[in-house]
Amino acid sequence: MSEEFKVEIVNPEKSFLVKEDVSEVVVPAFEGEMGILKDHISIISFLKPGIIKILSKSGDENFYVEDGIVEFKNNNLSILTSSIFNLNDFDKTKQQELLKQAEDEASKPEINDQSKYLVDQKVEVLKSIN
Amino acid sequence: MASLDDLKKRIASVKSTQKITKAMKMVAAAKLRRAQESAEKGRPYSEKMNNIILNLSSGISDKENSPKLLSGSGNDKVHLCVVMTSDRGLCGGFNSNIIKKAKSYFTKLTESGKDLKIITVGSKGNDQLKRAFGDKIIANISFKESKHANYFDAEKVGKMVIEKFGAEEFDVCTIFYNQFKNVITQIPQAQQIIPLNVENLEEDKSEDSYEFEPDEDEILSNLLPKNISTQIFKAMLENSASEQGSRMSAMDNATRNAGEMVDKLTIEYNRSRQAAITKELIEIISGAESL
């Protein structure tokens, strides 16, 4: 029996990626990284800034996300996100730009604890890329 | 009767108007295709979002303490209406249809003693509502700079709505937009987004229950604001497709009308030219006869 399942990433503007031959997906869920294999129990969770790793026969892919929701059901993994970038075409300038934005936001005085946590995460992840 | 010269000028002017409307129709047709495409591409996101929310809200155990965005503030006093129109005119009944729908809703609200607040998206709606409901408009947002409807803009509107809801400035929020059915038909819609009308969502019966991480409440309270933006974005996509469709058919009509007018004017021109020639001939003949 094959150990593959389907993953679909959609953002508001289009269906970003559909892959049928995925063996494992690692998502940065809110309470820590989560690896999803075939026949995982149905789950809904949301994402914090981080890297999505998609492992499949046709090659591995990495994506940077800022937020989103994951839903896994009947061996269908749906990831809804409004900001996602493929790490392959994620260049230095883009990274610096996002990093600067995040740092600006983090230094705002009126920021609350939860968003501060998220922004800090974002900064950390962005710094770790490259 | 107008002189020959006048007629000639009028024909020329109608013809150049026809050229313009024809060009606008072409542009609208090209834009329509793109807008329609992006509306279709955007659909999976909002559908999935709806499904997840549905699954969540049916699984929620404690209805009393569910997030306010879902259950409402408990009152039904102040209504916020987001009226979404275009920034440009010359698109047939597109804007007036939304405004008409919105106005009748507004009148109903005021008659039943509810308070009304309006946010207009797009400058045309603002222009038309300013006269009758100027004092109710609390904000006007316009995206003249952005070429296509994009999620970033929708999020801006969404955040504004949520902020105002958080500050308890209103109890119920409704958005008005045109739903794209086909090129000739657009249906003005009023959709309530706060509190969320769960019954209206199409039910996707799922037997298995979900695991939630973290718990339902937290996911819901994270998801609902996103859903607001998504709904607004969906409305924006539908609206932009509708706008182009409506403009296309309006410009098509205008081109056809201009064609008819040119035909009519040309006949009139020919007739009066012939009359002038005949008159001249009669003059010459009767002049010759009298000799």
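Because the structure is predicted, anything quoted here is derived from the model rather than measured. (Residues numbered from 1 in each chain as written. Chains lettered and ligands numbered in written order. Predicted model: local features only at pLDDT ≥ 70, side-chain atom pairs only at ≥ 80, totals over all residues.)

Things to note about the overall build of chain B
Turning to step 1, where the next piece is worked out: Summing up its helical and strand segments, chain B has six helices and six strands in all.
Turning to step 2, where the next piece is worked out: Across chain B, helices and strands are ordered from the amino to the carboxyl terminus as α-α-β-α-β-α-β-α-β-β-β-α.
Turning to step 3, where the next piece is worked out: Overall, chain B is about 115 × 40 × 30 Å in size when its C-alpha atoms are taken along their principal axes.
Turning to step 4, where the next piece is worked out: Within chain B, the fraction of its 291 residues that count as buried is 34%.
Turning to step 5, where the next piece is worked out: The long-range fraction of contacts in chain B, counting pairs at least 24 apart against all pairs at least 6 apart in sequence, stands at 79%. (Helix = DSSP H or I, 4+ residues; strand = E, 2+ residues; numbered from the N terminus. Buried ≥ 20, exposed ≤ 12 C-beta atoms within 10 Å, placed from the backbone. Contact = placed C-beta atoms within 7 Å.)

Some details on the interface of chain A and chain B
Turning to step 1, where the next piece is worked out: On the side of chain B, 21 residues touch chain A, which itself brings 20 residues to the contact.
Turning to step 2, where the next piece is worked out: Mapped by element, the contributors of at least two residues to the side of chain A that touches chain B are β2 (15-29), β4 (43-47), β7 (68-73) and β8 (76-80) of chain A.
Turning to step 3, where the next piece is worked out: With four residues, β4(A) is the largest single contributor of residues to the side of chain A that touches chain B.
Turning to step 4, where the next piece is worked out: Taken together, the residues that form the side of chain A that touches chain B break down as ten nonpolar, six polar and four charged. (Nonpolar A, V, L, I, M, F, W, Y, C, P; charged D, E, K, R; others polar.)

Considerations on the domain arrangement of chain A
Residues and elements named next belong to chain A.
Turning to step 1, where the next piece is worked out: The domains assigned to chain A are domain 1 (5-86) and domain 2 (91-128).
Turning to step 2, where the next piece is worked out: Distance from the C-alpha centre of domain 1 to the C-alpha centre of domain 2: 22 Å.
Turning to step 3, where the next piece is worked out: Of the residues lining the interface, five residues belong to domain 1; the matching set on domain 2 comes to four residues.
Turning to step 4, where the next piece is worked out: Of the residues assigned to the side of domain 1 that touches domain 2, the class counts are two nonpolar, one polar and two charged. (Domains from an automatic or database assignment.)

With respect to the pairing of β2(A)
The two faces of a sheet get side chains in turn, since along a regular strand they alternate between them.
Residues and elements named next belong to chain A.
Turning to step 1, where the next piece is worked out: Note: strand β1 (residues 5-10) against β2, five bridges, orientation antiparallel. Counterpart to E8 in the pairing with β2 is V18.
Turning to step 2, where the next piece is worked out: Linking β1 to β2, which pair antiparallel, is a turn of four residues.
Turning to step 3, where the next piece is worked out: Bridge count between β2 and strand β5 (residues 50-56): four bridges; the pairing is antiparallel. From the neighbouring strand, V22 faces β5, where its bridge partner is S56. (Pairing = 2+ DSSP bridges.)

Things to note about helix α2 (residues 113-128) of chain A
The α-helix advances 3.6 residues per turn, and as a result positions three or four apart in sequence lie on the same side.
Residue and element names in this part refer to chain A.
Turning to step 1, where the next piece is worked out: Between its first and last C-alpha atoms α2 spans 23 Å; for 16 residues at 1.5 Å apiece the expected length is 22 Å, and the two agree.
Turning to step 2, where the next piece is worked out: For α2, the complete set of buried residues consists of V119, K122, V125 and L126. Buried positions in α2, seen along its axis, are confined to an arc of 125° and lie on one side of it. For α2, the exposed residues set more than 90 degrees away from the buried face come down to D113, Y117, E124, K127 and S128.
Turning to step 3, where the next piece is worked out: Along its buried surface, α2 packs onto β5 and α1 (92-106). (Expected span 1.5 Å × (residues − 1). Arc of directions from axis to C-beta.)

Remarks on the packing of helix α3 (residues 94-111) of chain B against helix α4 (residues 123-133) of chain B
For any two helices packed against each other, the geometry comes down to the angle between their axes and how far apart the axes lie.
Residues and elements named next belong to chain B.
Turning to step 1, where the next piece is worked out: Between α3 and α4, the shortest axis-to-axis distance is 10 Å and the interhelical angle comes to 35°. Relative to α4, the crossing made by α3 is right-handed. Side by side, α3 and α4 meet where N95, I98, I99, K103 and F106 of the first sit next to K124, G125, Q128, L129, A132 and F133 of the second.
Turning to step 2, where the next piece is worked out: Grouping the amino acids of the contact of α3 with α4 by side-chain chemistry returns six nonpolar, three polar and two charged. (Axes fitted to C-alpha atoms, helices over the stretch in contact; angles between N-to-C directions. Left-handed = near helix turned anticlockwise from the far one by under 90°.)

A look at α3(B)
Residues and elements named next belong to chain B.
Turning to step 1, where the next piece is worked out: With 18 residues, α3 should reach 26 Å at 1.5 Å per residue; the first-to-last C-alpha distance of 26 Å fits that figure.
Turning to step 2, where the next piece is worked out: Among the residues of α3, those classed as buried are F94, N95, I98, I99, A102 and F106. For α3, the buried positions fall inside an angular range of 95° around the axis, keeping them on one side. Exposed residues on α3 whose side chains face more than 90 degrees from its buried face are S104, K108 and E111.
Turning to step 3, where the next piece is worked out: Considering only its buried residues, α3 is in contact with β1 (78-84), β2 (115-121), α4, β4 (172-180), β5 (186-194) and α6 (216-289).

What about the environment of D39(A)?
Turning to step 1, where the next piece is worked out: In this structure, D39(A) sits in the loop between β3 (32-36) and β4.
Turning to step 2, where the next piece is worked out: Separated by 33 residues in the primary sequence, D39(A) and K6(A) have C-alpha atoms spaced 11 Å apart.

A short note on the domain arrangement of chain B
Residues and elements named next belong to chain B.
Turning to step 1, where the next piece is worked out: When the domains of chain B are assigned, the result is domain 1 (4-22 + 251-289) and domain 2 (38-250).
Turning to step 2, where the next piece is worked out: In this structure, domain 1 and domain 2 have C-alpha centres spaced 52 Å apart.
Turning to step 3, where the next piece is worked out: Here the side of domain 1 that touches domain 2 is built from residues that sort into two nonpolar, one polar and one charged.

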